[in-house]
Amino acid sequence: MTGKILVVGGAGYIGSHMVRHLAEAGREVVVFDNLSQGHRQAVEGVELIEGDLLNPVEVAAAFSRHQFEAVIHFAALIAVGESVVAPDAYYRNNVCGTLNLIGAMRDAVVGNLVFSSTAAVFGNPLSRHLDEDHPLAPINPYGWSKRMVEQMLADMAAAYGINSVCLRYFNAAGAHPSGEIGEAHNPETHLIPVVLLAALGLRDKLMVFGDDYDTPDGTCVRDYIHVMDLASAHLKALEYMAKNPGAHAFNLGNGAGFSNREVIETAREVTGCEIEYEIARRRGGDSARLVADSARARELLGWNPEIASLERIIESAWRWHQRPRYGPFAGKT
């Protein structure tokens, strides 16, 4: 594929890295974002259409302004704990918003979509490494909202010939090597940035949710994948769809799991800071261990993570968090 790409949610964390990756690859990009979580500064130099997926008129207007060859969809609410206490917001935004997007694609005769899915579609793991054949049994509304969209896309492929690739991320982390863009959620709930904000003295208290899981040190184990490696997988997914119509799904991770305590210890080594934390009760909707088997993506997409070590991932995030250009902590470090 060589045509124009619409990146929905492109001003957000992963979306902005995708936009940068596409631009560096010489692709023409347009961003659609409501800026509820995204930042204009993250996509400087790229056309930004401000709009909301929950407003079908605004979505249709974006497609009327350009002829797109494909859409990459990142716009979603993503906090597991929040989804447990506010499930209606997650189903409305993540499911209904995506349905509006698909409707606009059909009207504009745009037939290719890469969807930002999640390892949360699997629920509690039945094996040490999760491949695409693992049962899909989410345990929180966030995971269910993504699972519903995956089913929608399979049905849309069968009924209307809309091609799709669902990329099931494990834990996105890190920042662009330049340090110019990075993670800037408000509030921040992801472990690595929370740990680094604690190292900078920008958080009063670092909490680890649960130390009684069935893992080596009792804390949750996660598979961290660098955000630029995720971006490269999306570009390869576009190329894959050009030759392989239908609905597809791939797991994206490094295949290595690190516990919350291991993340904190590695952050101490990278930053040189003593990072204190407290143990809190388990958080609703969390699995003990989520680690990917990404063999299918490696084989069929030709994708391989290039920034695989936890130390390098945290180093890139640390570079960003020390001097963020935007977000709630800009100018405070």
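Preceding this paragraph is the structure being described.
The structure reproduced in this document is the subject of the present report. Note that the structure is a prediction, hence the values are computed from the model and not measured. (Residues numbered from 1 in each chain as written. Predicted model: local features only at pLDDT ≥ 70, side-chain atom pairs only at ≥ 80, totals over all residues. Heavy atoms only, no water.)

So, the packing of aromatic side chains
What counts here: Between 30 and 60 degrees the pair is tilted, below 30 it is stacked and above 60 it is edge-to-face, where a pair is any two Phe, Tyr or Trp rings, Trp via its six-membered ring, whose centres lie within 6.5 Å. Only protein chains enter the calculation, and the probe is 1.4 Å; a residue is then buried if its accessible area is under 20% of its type maximum, exposed if over 50%, and partly exposed in between. Criterion for a charge above a ring: Arg CZ or Lys NZ at most 6 Å from the ring centre, at most 35 degrees from the ring normal.
Summed over all chains, the structure comprises 3 aromatic pairs. Measuring from centroid to centroid gives 5.6 Å for Phe 63 and Phe 68, while their planes differ by 85 degrees, and the two rings are edge-to-face. Across the pair, exposure class does not vary: Phe 63 and Phe 68 are buried alike. Arg 106 extends its terminal NZ or CZ atom over the ring of Tyr 160, reaching a point 3.5 Å from the ring centre. The positively charged end of Arg 282 is found above the aromatic ring belonging to Tyr 213, 4.0 Å away from the centroid.

Digging into the pattern of salt bridges
Two side chains carrying opposite charge are able to pair once their charged atoms lie near each other. For clarity, the threshold we go by: Any Lys or Arg side-chain nitrogen found within 4 Å of a carboxyl oxygen on Asp or Glu counts as a salt bridge.
Under the criterion given, the structure shown has 14 salt bridges. Here Glu 274 and Arg 268 are joined by a salt bridge, their closest N and O atoms 3.5 Å apart. Overlapping salt bridges, with partners in common, bring together Glu 132, Asp 133 and Arg 296 in one network.

So, helix H5 (residues 141-160)
Residue pairs spaced three or four apart in an α-helix point in one direction, given the helix's 3.6 residues per turn. The criterion, for reference: Each helix is a run of DSSP H or I of at least 4 residues and each strand a run of E of at least 2, with the numbering of both proceeding from the N terminus. Multiply 1.5 Å by the residue count of a helix minus one, and that product is the helix's expected span. In what follows, a contact means two residues having at least one pair of non-hydrogen atoms within 4.5 Å.
Its 20 residues place the ends of H5 27 Å apart at the C-alpha level, agreeing with the 28 Å of an ideal helix rising 1.5 Å per residue. Buried within H5 are the following residues: Pro 141, Tyr 142, Gly 143, Ser 145, Lys 146, Val 149, Glu 150, Met 152, Leu 153, Met 156 and Ala 157. Turning to H5, the residues buried within the fold contact helix H3 (80-85), helix H4 (87-108), strand E5 (112-118), strand E6 (163-169) and strand E11 (247-252). One or two steps after H5, the chain reaches Gly 161, where phi turns positive at roughly 75 degrees.

Details of the environment of Pro 328
With respect to the secondary-structure elements, Pro 328 resides in the segment after helix H10 (310-322). Exposure remark for Pro 328: the relative accessible area of 22% places this residue in the partly exposed category. Once the C-alpha coordinates of Pro 328 and Ser 232 are considered, the two residues, 96 residues apart in sequence, prove to be 28 Å apart.

What to know about empty space enclosed by the protein
The line we're drawing: In the cavity and pocket records, a cavity denotes points on a 1 Å grid over the protein atoms alone where a 1.4 Å probe fits but cannot get out, a pocket denotes an open set with protein on both sides within 12 Å along at least 5 of 7 lines, and lining residues are residues with an atom within 4 Å of a point. Grid points are joined across faces, edges and corners, and a volume is the space filled by probe spheres set on the points. The residue classification treats Ala, Val, Leu, Ile, Met, Phe, Trp, Tyr, Cys and Pro as nonpolar and Asp, Glu, Lys and Arg as charged. All others, Gly included, are polar.
Enumeration over the complete set of coordinates arrives at 3 cavities of 30 Å³ or more. When its volume is computed, the largest cavity comes out at roughly 70 Å³. Lining the largest cavity we find Glu 183, Ala 184, His 185, Glu 188, Leu 197, Trp 320, His 321, Pro 324, Tyr 326, Gly 327, Pro 328 and Phe 329. Per-class residue counts for the lining of the largest cavity are 7 nonpolar, 3 polar and 2 charged. As for the second largest cavity, its lining consists of Ala 11, Gly 12, Tyr 13, Gln 37, His 39, Ala 42, Gly 182, Glu 183, Ala 184, His 185 and Tyr 326. The residue inventory of the lining of the second largest cavity, partitioned by class, reads 5 nonpolar, 5 polar and 1 charged.

Don't take any of this as a statement about function, it's just geometry.
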